[in-house]
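Single-letter residue listing:
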Amino acid sequence: MISPKKTTDKATSAVQRPAVGAAARWYAASVFPGKEDVAERHLRLQGFHPFIPRCEKTIRHARRVETRPAAYFPGYMFIALDVALQRWRSVNGTFGVRSLIMQGERPLPVPSGLVERFIALTGKDGLLDFSGGLTAGASVRILSGPFAEMIGRLDRLDPAGRARVLVAIMNGEIPVDLDSRELVAIA
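The following refers to the structure shown. (Residues numbered from 1 in each chain as written. Predicted model: local features only at pLDDT ≥ 70, side-chain atom pairs only at ≥ 80, totals over all residues. Heavy atoms only, no water.)

## Overview of the overall build of the chain
Counting secondary structure elements, the chain contains 3 helices and 13 strands. Residues classed as buried in the chain amount to 32% of the 187 residues present. Nonlocal contacts in the chain, meaning residues at least 24 apart in sequence, comprise 55% of its contacts between residues at least 6 apart. In the form shown here, the chain has an accessible surface area of approximately 12,300 Å², with 56% of it arising from carbon and sulfur atoms. (Helix = DSSP H or I, 4+ residues; strand = E, 2+ residues; numbered from the N terminus. Buried < 20%, exposed > 50% of the residue type's maximum accessible area, 1.4 Å probe, protein only. Contact = heavy atoms within 4.5 Å. Areas by Shrake-Rupley, 256 points an atom, 1.4 Å probe, with all protein chains shown as cover.)

The following block contains the structure:
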C-alpha cells in the first residue's frame, strides 16, 4: 500500500521537473470542446509545457454581448515534448485531452517555427496580436495589391488581422479593407 506521504512526494516532484531541453519539439493535441483550460492546468501539474493561442471572441446570447478570451484553434492545443525523455503517453490520459495527433505509433511534430511565431505574436494580456505595432490613426504604406505603394491613414484594425485604411484619392478618402500584413507603419 502506498502511503499518502509518498503520493504527495510524487505529485510535487512531477511539478518540479526541469524545463524541456533543446531536443523538445511542439506537438498538437486534440482536446474536448471547451476544455482547453482544464487540459492546460492538468498538463502543467504533470510538468508539461502546453500553449494555447487565444484571441478575443464576441459572444451574443439573450440580448447580451460579451467579449472574452477563446482558443484561436478550438479543440486543439500545443505541447512542448521531448519524446525520447518524457513520458508523452500520459498526455493522452490527461483530463480534457482526447489524444496527441499521431503518425503511426509516434506523435506528429508541428512544423518548426509555427508555435514559436504564435508565441511571438502573443501580447502581455495572453491574446494574439496581429497588429504588428499598427495603431488606429497612424500613417501606413500599402505594400501589395492594386493600392501598392500608396499612403493612407489606418482607420481600424480588428483582432483577426483585417484593417481598414483611408486612402486619399480624388479629393476624398476612400476606405479600403486589407490584410494587416500588407501594411507597414510610417514614422
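## Some thoughts on the pattern of salt bridges
Enumeration over the complete set of coordinates arrives at 8 salt bridges. Linking E66 and R64 is a salt bridge whose minimum nitrogen-to-oxygen distance equals 3.6 Å. E173 is the partner of R153 in a salt bridge, and the nearest nitrogen-oxygen pair spans 3.1 Å. Of this pair, R153 sits in strand β10 (residues 151-157) while E173 sits in strand β12 (residues 172-179), and the two are 20 residues apart along the sequence. Relative accessible area serves as the criterion here: at 33%, R153 is assigned to the partly exposed category. With a relative accessible area of 45%, E173 lands in the partly exposed category. (Salt bridge = Lys/Arg side-chain N within 4 Å of Asp/Glu carboxyl O.)

## Concerning the sheet that holds strand β2 (residues 49-51)
Ordered by their spatial adjacency, 4 strands build an open sheet running β2-β5-β1-β6, and the pairing between neighbours is antiparallel. The open sheet has two edge strands, β2 and β6 (97-100), and neither has a second partner. Each neighbouring strand pair of the sheet contributes to a mean axis angle of 35°, computed without reference to strand direction. As paired elements, strand β1 (residues 25-31) and β6 share 3 bridges and run antiparallel to each other. Looking at the pairing, A29 lines up with L100 of β6. Packed onto the sheet, helix α2 (residues 36-45) meets β1, β2, β5 (76-81) and β6 and runs at close to 15° relative to β5. (Pairing = 2+ DSSP bridges. Axes fitted to C-alpha atoms, helices over the stretch in contact; angles between N-to-C directions.)

## Section: the sheet that holds β10
Through backbone hydrogen bonds, the strands of a sheet pair up, either in parallel or in antiparallel fashion. One open sheet accounts for 5 strands, arranged β12-β11-β10-β9-β13; its pairing is antiparallel. The open sheet has two edge strands with one neighbour each: β12 and β13 (183-185). Going across the sheet, the axis of each strand differs from the next one's by a mean of 45°, ignoring polarity.

## Considerations on α2
All of the buried residues along α2 are E36, A39, E40 and L43. All buried residues of α2 project into a common sector of 100° when viewed along the axis, lining one side. The inward-facing, buried residues of α2 abut β1, β2, β3 (54-61), β4 (64-71), β5 and β6. Note on α2: the residue one or two positions beyond its end, G47, has a positive phi of about 95°. (Arc of directions from axis to C-beta.)

## Re the pairing of β5
Within a regular strand, side chains alternate between the sheet's two faces. Within β5, 5 of the 6 residues are buried, which leaves the element mostly enclosed by the surrounding structure. Where β1 and β5 come together, 6 bridges link them in antiparallel fashion. Looking at the pairing, R25 lines up with L81 of β5. The pairing of β2 with β5 spans 3 bridges and is antiparallel. Paired with H49 across the strands is A80, a residue of β5.

## Thoughts on the nonpolar core
L43, M77, I79, L81, V91, V97 and L100 are the most contacted members of the largest nonpolar core, which has 16 residues in total. Counting only elements with at least two residues in this core, the list comes to β1, α2, β5 and β6. (Core = buried A, V, L, I, M, F, W, Y, C linked by side-chain atoms within 4.5 Å.)

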